[in-house]
Amino acid sequence: MTEERAGRPQTNAEPPPLFGRFGPGPRMMGKTERAKNVRGTVRRLWGYLRRQRGALIITSALVAGTTVLNVISPYLLTQAIDRYILPGDLPGLLLISLVMLGAFALNSLLTWLQVFVMAGAAQRTVRDIRNDLFDRLQVLPLRFFDKRAHGDLMSRLTNDVENVNQVLADGIIQIVSGALSMVGVAAAMLWINPQLAAVSIVAVVTMTLGLNRWVAPRTRTGFRQQQAALGALNGLIEETVTGQRVVKAYHREPVVLTRFDAANVELRRAASRAQIFAGFVGPLMNMVSHLGLAVVAGVGGWMALLGMTTVGTIAGFINYARQFGRPLNELATLYNAIQSAIAGAERVFAIIDEPAEADAPGAVRPERIRGEVIFDDVNFAYETGVPVLKHVSLRAAPGQTIALVGPTGAGKTTIVNLLTRFYEIDEGRITIDGQDIRAINKNELRRQLGIVLQDTFLFSGTVKDNIRYGRLDATDEEIVAAATLANADQFIHRLPHGYDTMLSERASNLSQGQRQLLAIARAILADPAVLILDEATSSVDTRTEQHIQEAMLRLMTGRTSFVIAHRLSTVRNADEILVINRGEIIERGTHADLLAQDGFYAALYASQFRGTALHAGSVPALMETA
Amino acid sequence: MHATRKLARYLAPYRLQAILAPLLMALEVAMDLMQPRLVQHIIDDGIARGDMAVVFTTGGWMVGAALIGLVGGMGCTIFAILAGQHFGADLRGDLFRKVQSFSFGNLDRLDTGALITRLTNDVTQVVEIVMMLLRIMVRVPLLLVGSLIMAVITSPRLALIFLVLVPLVLAALNWIINKTFPMFGDVQRRLDTINTILQENLAGVRVVKAFARSGHEQQRFHGANDRLMDQNILAMRTSAVTMPLMMLAMNGGVVAAIWFGGISITTGDLHVGQLVAFINYLTQTLMSLMMISMLVIRIARAEASAGRIHEVLESEPEVRPVPGARTAFAPQGRVAFENVWFSYDGASEANGERSTFNVQPSPYDYALKDVSFVAEPGQTVAILGATGSGKSSLVNLIPRFYDVTSGRVTLDGIDVRDIDEAALRRAVGVALQETVLFSGTIRDNIRYGRPDASDDEVITAARIAQAHAFIMRFPDGYDSPVGQRGVNLSGGQKQRIAIARALLAEPMILILDDSTSAVDVATEAQIQAALRSMAQRQTRIIVAQRISAVLGADMILVLDDGRVVGRGTHTELLENSPIYREIYESQLANGVLSHD
C-alpha cells in the first residue's frame, strides 16, 4: 500500500494531451481504476451497507453454514471410505450416503438463500446510492454544471454505480465465504492430520503468494496503461464522430485516420500486455492446485506407507487441497473488481460531497409577491478576477416592463441569472418587495418567477405533460386554456394525437417556434408574479413569429417583466430600457428619452434595430420603399 | 450467431495464433486430465501395495504434468490474446474508416451516441468473447469430453450415473436460461429509462431550477430507480438458482458414486483409487457443463454487439467516389444548379440500403423541387425562406454532402459528382448551421481547415468574423482552450469562430449556412461589411432567416417548400414577390428591421 501512496501524484496528474494542447475531460481518459482514499471510501460504503444490517447478518450466518457444510463434506467422504467401504459395512454406507445427500441439499439451499438475501441488500444499497447522487444533482448550483460534461455525470450514475453493484452482489459473499472456508478447511485438515495439513497448506500458500508477487504488479501497470490508451482512443472517437460533419466539410479524414491508427496500435499493444499477464493467473493457479495435489498425494502416500495416515484421509485431503486453492483463485479475480468498485464509489461520493445551493437559515416563504424588484449596486463575476456585472442598480415597480438591451456578452443574461439565484451575487443586494432574495427560500422564489428561455427545453413525454410542468396540479382544462392563450392550441390540435402526442427527447418533431409557444404556455400556467423573457434572435417563420409575439405580450400583462429584447416593439413599449455594455448599465430611460440622448442606445438602435445602417448601398432602397 | 460468424473473417490473418492457442490449451487439458489418474496410481499401486518408489515417481510425474500444463496454459494465453487484440484493432480500424467514409445522409440516420457505442463498447465486447472463446471454449468441451471418457474408462458401470445426471442438468439449465434471459433484458430497459431521466434532467437543468421542480424530478427518478431495483432483484434471485442446483446435481452424483462404488468395492469389482478418480472426473464433467452454460449466455450477449457492429460495416456510404474523378481542379467559382430535385429518402433508396437503426425516418418527400440558378464567380447569392423550406438542403448539395436525386449541380460547368472529394471540399468552404468545435485552443480550431496557416492569417480571419475582440478578452487569448474544461463560449461566439475557420481555408466558394443565427444583428452586419471588404474574390452563398442579412446580395433566392418562388435583388423582390414582401413586412413590424 505504501508504494501505491507514493504513486498518488500520478493519478492526480493531467491526462496526456490528445488534441492539441488540451486533452479531453477526465472521464474520457478512461477510468483511473485506483481510488485515492481507499479507507474513507470503504467506510462510506459501509455507511450505506449498514442500513442493510439485518440482511448482512443473515447472509453471514448462511455463509458460515455453507462453509461448515463444505468443510464437513470431504470429511464425510473420508469416513465413508475408511469406516464403511473398506470394511464392507453396507448399512453404515447407506446411512452415511443419506447424511451426505442431506448435507449437500442443505448446502445448496443455503447457497441460494445467501444470494436471495444479499441480492435484496445489494440492490437496495445501490438504489440508495443512485438516489443520493441524483438528489444531490438536483440541489447543486448551476456553476457546477457549467464545468461538467454530461457524459461524465451520466457515466458516474451508470458505470461507476454498476461497478459497485457487481462487487456488492457477489463480491461480499465471495469474500466472506472465501475467508471462512479457507479458515475452515485449514482447521479441518489440521484436525485430521496436522503434519500433512501443514505441508500442503504451506506449499499452496507460498506458491500462491510468490506467483502473485510476480504477476500482480505487472498486471496492475499493464491495466493502468491499457485504461489510459483506451481512454485516449475513446476520446478521439467520441470527438471525431460528434464532429463528423465538420471533419467531412474540411476533408480532414486522412489526418483523423492517422491519429486514430496511432491510438489504436497503442491500445492494442497496451491491452495485449495487460491481458497476457492477467491471463497468466488462470494457468498459474491451475498449476498451483495440481502441485498441491502432487504434494498431498506424494507426501500423503509416503506417510500412509509409514502408517502415519490412511487412504481415506488422502482422498479427503485431495478434496481439501482443491477447496483451499479455490478461494485464493477467486479472491485474485475479485481484486480488480474491488479496485474499480472503490474507485467508482469514490467518484460518486465526490459528487455527493459537492456543496449544494444553500438557503440562509430561516429563509422565508413569501405569500404572493407583488413584484417590486430592486438591484442595489450589484457586482458579480463567474470567475474571480473577470467581473461580469459592475455596480448594477435598477428598480422595477410592480407591473412594469424592463427591457434589457446591449451587445452579446454584455451581461444581460447574467442579470437574469442573478435574479433567479442561479448564481449568487458577490456584492450588493437584490430585493423583491423589499426582501433580500438571499433570505427567501430558493424554490419559493423561483416558483414566483416565470422564465422563458430562448433555447426551449422540452422533456420526453406528452405535450400535456410538458405544459403541466409549469404547475403539476393543473387540470386538463387549465392546460388547454394556457395553450390557447399562448397561441399553441391550434398547432397542438394538428399534431397526430393532440395534447397526448409524445415528444421525443430533442423534440425534433416540433419546430423551434412551436417549442417556444409551448414554453410560453408552460409559463402562463405557472402564473408567476415576475416574468423573465429571453426573446429569440433567430427568427422563425413569419406566422409563428407573430404568434409568439402576441403570446408574449399576453403573458407580460400585469406582471413585472424583464425582457432581454431583440424586437423593436418590445423595446418601444418598455417602461424603462436599460442599456448594458461590458457589465455596466450605461444608459437608462424610455425609448424616446434614449434616442434624444443620442448616445450608445441611439447608435445601437441605428445599427441593430435598423439592421441596415451598415449596408451603405441598400439602406436608401429600404428607406424608400418603407 | 450469424453476425458473430461474419466478423470471424477478421481473425483470418491471425489464424496461426488462433490455431496454436487451442492446441496449447489441449495440452493443458490433457495434463489436467492425467492428474486424477496419477493420484489413483499412487493410491492403488503405491500405497495399497506398499511401494514407496511408485509413490515418489508418480508424485514426480504429477509435478512434471503440472509444469507442462502451465507451459500449455501460458502459451495459449499469449496466442489467444495476441489474436484477439489484433482482431479487435483491425475491426475497430475498419469500423472507424467506414464511419469516415459516411456521407451526411448516413450520419443523419445513425445516432451519434449509438455510433460511438459501437466503436467502443461493442468492439470491446466482441474482442473479449473472441479471447475467451480461444481459451475457454476449447478447454471446456475438451475437459467435458475428456472427463467423460476418463470416467467411463475408470469405471464403465459407475459411468451409468451420467445417463441420469446429464439430461437432468441440461433440462435445468435450459429452463433457467429461458427464464432469466428476458428478465435481464427487462433490467436493461429499466436502466435505459433511468439514463434518459438523468440525461434530460441534466440537459434541462435550467428549466428544472426555474420551475423549482427538483422534487418532481426526484419523484420521477426514485420511481424508476425502484422499478429497476425490483427487476434486478428478481433477475438475480432467479438466476442464482443455477449454481446451487448444479451443485446439488453434482453432489448427488458423488453420493451415488459412493453408494454404488462402495458396493462394488465390497464385492471386489472396484478399487478405492478408482472410486476417488471417478468422483474427480464426475465433478470435472459437471463443472464443464456449468461453464458451457455461462459461455452460452456470454455469447448471446456478444452476438447483440456483433450484430450492431456488422450493421455499420454493411452500410454503404450514400455519396460514393466516382472512378476517374478530377483531382487537379482550380475552380473559378461558378456554381450552377440545373433542375435539381432532391429527397433525403430517395438517395438511400437508390442505394438499396435501409438501416434498421434510423433515428427519424423522413417521409418520402422532395426537399428541393426543380431548383435552377447560377452564381457567377465573385457573386454573393443569398437564400431566404422559412424553417424547412429547403435552404440547408440546397447548400449541402454543393460540397456534395448529399447527392442530388435528379438534375445536376456543377462547379465551373463540371458536375460535382465528377470531382475528387478532397479537391471539391478544398474548393468549397462551409460554416455549418450546427457549430461544432473540437477540444484544443481557439487557434487550433480556427486553423482546422488549414493547419499550416500563420498566426497573422488566423487573426485576420478572426477579425473578419468579428471574433478577434472577444477572443482577446479571454485571459489566454487565442491560446484559450475550447471544450469541456475550457472557456464557455456563447452560441454566437462559437458561430463566429466557425466562420473564421471557414474563411481561413480560403475556399473559392464560401457557404454560410445560417451561421450568424445566434449573433446579434449589429455584429452580423459588421461581419457582412468585413466580408465585402475582403480582397479575395470569392463566390458566396449565404443562407439566412433575416432580411437584414441578405440585403446586400447580388441575388436573393426565396425558397418556399423546396421551390424557388422568387429571385432577384432586394428591390426587385419587394416589387414582384409577395412572399418576400410578407417576410419583409413582418420583420419590419417586429422591429427586426426598421423604417423610421
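Residues numbered from 1 in each chain as written. Chains lettered and ligands numbered in written order. Predicted model: local features only at pLDDT ≥ 70, side-chain atom pairs only at ≥ 80, totals over all residues. Heavy atoms only, no water.

A. A look at the overall build of chain B. Within chain B, the regular secondary structure consists of 20 helices and 12 strands. Counting all 596 residues of chain B, 58% fall into the buried class. A fraction of 78% describes how many contacts in chain B between residues 6 or more apart in sequence connect residues 24 or more apart. Carbon and sulfur atoms make up 58% of the accessible area of chain B, which totals about 22,900 Å². (Helix = DSSP H or I, 4+ residues; strand = E, 2+ residues; numbered from the N terminus. Buried < 20%, exposed > 50% of the residue type's maximum accessible area, 1.4 Å probe, protein only. Contact = heavy atoms within 4.5 Å. Areas by Shrake-Rupley, 256 points an atom, 1.4 Å probe, with all protein chains shown as cover.)

B. The arrangement of the sheet that holds strand β9 (residues 509-513) of chain B in detail. Residues and elements named next belong to chain B. Read from one edge to the other, the open sheet built from 6 strands follows the order β6-β9-β10-β3-β11-β12, with strand pairing classed as mixed. Strands at the two margins of the open sheet, each flanked by one partner only, are β6 (428-431) and β12 (563-568). Along the sheet, successive strands turn relative to each other by an average axial angle of 15 degrees, direction set aside. Two elements, strand β3 (residues 380-385) and strand β10 (residues 539-544), share 5 bridges in a ladder whose sense is parallel. Paired with Thr380 across the strands is Arg540, a residue of β10. This element, helix α17 (residues 491-504), spans β6 and β9 of the sheet and lies at about 175 degrees to β6. (Pairing = 2+ DSSP bridges. Axes fitted to C-alpha atoms, helices over the stretch in contact; angles between N-to-C directions.)

C. Looking closely at the nonpolar core. Ranked by internal contacts, the top residues of the largest apolar core, which has 212 residues, are Phe337, Leu411 and Ile446 of chain B. The greatest single-element share of this core, amounting to 19 residues, is contributed by helix α10 (residues 253-305) of chain A. Ignoring sequence-local partners within four residues, the contact set of Phe337 of chain B consists of Val371, Ser372, Phe373, Leu394, Leu397, Ile398, Arg408 and Val409 of chain B. In this structure, Val126 and Leu133 of chain A together with Met183 and Leu198 of chain B belong to the second largest nonpolar core, which totals 91 residues. (Core = buried A, V, L, I, M, F, W, Y, C linked by side-chain atoms within 4.5 Å.)

D. How the structure looks around the packing of helix α15 (residues 476-485) of chain A against helix α17 (residues 512-526) of chain A. All names here are of chain A. In contact at an axis separation of 8 Å, α15 and α17 are set at 125 degrees when each is read in the N-to-C sense. Between α15 and α17, the angle falls in the class oblique. As α15 runs across α17, the sense of the crossing is right-handed. From α15, Glu478, Ile479, Ala482, Ala483 and Leu485 reach across to α17, where they touch Ala521, Ile524 and Leu525. The residue makeup of the contact of α15 with α17, split by class, is 7 nonpolar, no polar and 1 charged. (Parallel < 35°, antiparallel > 145°, perpendicular 65-115°, else oblique. Left-handed = near helix turned anticlockwise from the far one by under 90°. Nonpolar A, V, L, I, M, F, W, Y, C, P; charged D, E, K, R; others polar.)

E. Looking closely at α15 of chain A. Residue and element names in this part refer to chain A. Residues of α15 that are buried: Ile479, Ala482 and Ala483. Down the axis of α15, the buried side of the element spans an arc of 100 degrees, and every buried residue falls inside it. Elements in contact with the buried residues of α15: α14 (463-468), α16 (489-494) and α17. (Arc of directions from axis to C-beta.)

F. Structural detail: the side chain of Asp415 of chain B. Residues and elements named next belong to chain B. As for its position among the elements, Asp415 is in strand β5 (residues 414-415). Only 2.9 Å separates the side chain of Asp415 from the backbone nitrogen of Arg417, close enough to count as a polar contact. Those residues in contact with Asp415 that sit more than four places away from it in its chain are Arg408, Val409 and Thr410. (Polar contact = N/O pair within 3.5 Å; in protein donor to acceptor, adjacent residues only side chain to side chain.)

G. Main features of α17 of chain B. Residue and element names in this part refer to chain B. In this model, α17 (14 residues) spans 20 Å end to end at C-alpha, consistent with the 20 Å of a helix rising 1.5 Å per residue. Where burial is concerned, most of α17 is hidden: 12 out of the 14 residues are buried. When α17 is considered as a whole, its buried residues turn out to be Gly492, Gln493, Gln495, Arg496, Ile497, Ala498, Ile499, Ala500, Arg501, Ala502, Leu503 and Leu504. Positive phi appears at Glu506, one or two residues downstream of α17, with a value of about 45 degrees. (Expected span 1.5 Å × (residues − 1).)

H. Up close: a negative patch on the surface. Residues and elements named next belong to chain A. A contiguous patch of negative charge on the surface is contributed by Asp376, Asp377, Asp426 and Glu427. Within the secondary structure, Asp377 sits in strand β1 (residues 373-383). For Asp377, a relative accessible area of 34% translates into the label partly exposed. (Patch = residues over 30% accessible without salt bridge, like charges linked within 9 Å, V, L, I, M, F, W, Y side chains within 5 Å. Salt bridge = Lys/Arg side-chain N within 4 Å of Asp/Glu carboxyl O. Lys, Arg positive; Asp, Glu negative; His and termini not counted. Charge placed at Lys NZ, Arg CZ, Asp CG, Glu CD.)

I. Examining the interface of chain B and chain A more closely. The interface is formed by 166 residues belonging to chain B together with 163 residues belonging to chain A. Note that Arg127 of chain A is salt-bridged to Asp226 of chain B, the shortest N-O span being 3.1 Å. Here the side of chain B that touches chain A is composed, by residue class, of 83 nonpolar, 53 polar and 30 charged.

J. Representation of the pattern of salt bridges. Overall, the coordinates contain 38 salt bridges over all chains when judged by the stated rule. With its nearest N and O atoms 2.7 Å apart, the salt bridge here joins Arg44 of chain A to Asp353 of chain A. Taken together, the residues span a long stretch of sequence, with Arg44 of chain A in helix α3 (residues 38-50) and Asp353 of chain A in the loop between α11 (311-352) and β1 at a distance of 309 residues. Across the pair Asp415 of chain B and Arg417 of chain B runs a salt bridge, and its minimum N-O distance is 3.1 Å.

K. Region of interest: unusual backbone geometry. All names here are of chain A. Phi is positive for His251, which is not a glycine, with a value near 50 degrees. Positive phi values are uncommon outside glycine, yet Arg582 reaches one of about 50 degrees. Within the secondary structure, Arg582 sits in the loop between β11 (576-581) and β12 (584-589). Residue Arg582 is classed as exposed on the basis of its relative accessible area of 55%.

L. Representation of the sheet that holds β1 of chain A within the structure. Residue and element names in this part refer to chain A. Pairing in this open sheet of 4 strands is antiparallel, and the strands run β2-β1-β4-β5 from one edge to the other. Every other strand in the sheet has two partners, leaving β2 (386-396) and β5 (435-436) as the edge strands with one partner each. Bridging between strand β4 (residues 427-432) and β5 involves 2 bridges; their strand directions are antiparallel. If you follow Thr431 over to β5, its bridge partner there is Asp436. Sheet strands in contact with helix α12 (residues 412-419) are β1, β2 and β4, and its direction is about 110 degrees off that of β1.

M. Seen up close, the packing of helix α8 (residues 194-242) of chain A against α10 of chain A. Between α8 of chain A and α10 of chain A, the least distance of the axes is 8 Å, while the angle of their chain directions is 170 degrees. By the angle between their axes, α8 of chain A is roughly antiparallel relative to α10 of chain A.

N. Up close: the confidence of the model for chain A. Residue and element names in this part refer to chain A. For chain A, mean pLDDT is 80; residues scoring 70 or higher make up 86% of the total. Confidence over residues 1-33 falls short of pLDDT 50; this stretch has 64 contacts with residues more than four positions distant or in other chains. Note on residues 611-626: pLDDT is under 50 here. Beyond four places in sequence and across chains, it has 31 contacts. (pLDDT = per-residue confidence, 0-100.)

O. Here's a closer look at the pairing of strand β11 (residues 555-560) of chain B. Residue and element names in this part refer to chain B. Judged by how many residues are buried, β11 sits mostly within the fold: 5 of 6 residues are covered. As judged from the 5 bridges shared by β3 and β11, these two strands associate in the parallel manner. Residue pairing across strands places Val381 opposite Met555, the latter belonging to β11. With 5 bridges joining them, β11 and β12 adopt antiparallel strand pairing. Looking across to β12, one finds that Val558 is bridged to Gly566.

P. Up close: the packing of aromatic side chains. Counted under the stated rule, the structure contains 19 aromatic pairs over all chains. Ring plane angle 15 degrees and centroid distance 4.8 Å describe the contact between Phe438 of chain B and Tyr448 of chain B, whose orientation is recorded as stacked. Of this pair, Phe438 of chain B sits in the loop between β6 and β7 (440-441) while Tyr448 of chain B sits in the loop between α14 (442-446) and α15 (455-464), and the two are 10 residues apart along the sequence. With relative accessibility at 2%, the residue Phe438 of chain B sits in the buried group. Within the aromatic cluster, the residues linked to one another by ring pairs are Phe104, Phe342, Phe401 and Tyr402 of chain B. One residue, Arg252 of chain A, lies across the ring of Tyr448 of chain B, its end atom 4.1 Å from the ring centre. (Phe/Tyr/Trp six-rings, centres within 6.5 Å; stacked < 30°, edge-to-face > 60°. Lys NZ or Arg CZ within 6 Å of the ring centre and 35° of its normal.)

Q. Region of the structure containing the environment of Gly390 of chain B. All names here are of chain B. Note that Gly390 resides in the loop between β3 and α12 (391-396). The exposure class of Gly390 is buried, given its relative accessible area of 7%. Sequence separation of Gly390 and Leu368 is 22 residues, and the distance between their C-alpha atoms is 6.1 Å. Beyond its immediate chain neighbours, meaning those up to four positions away, Gly390 contacts Ala367, Leu368 and Leu559.

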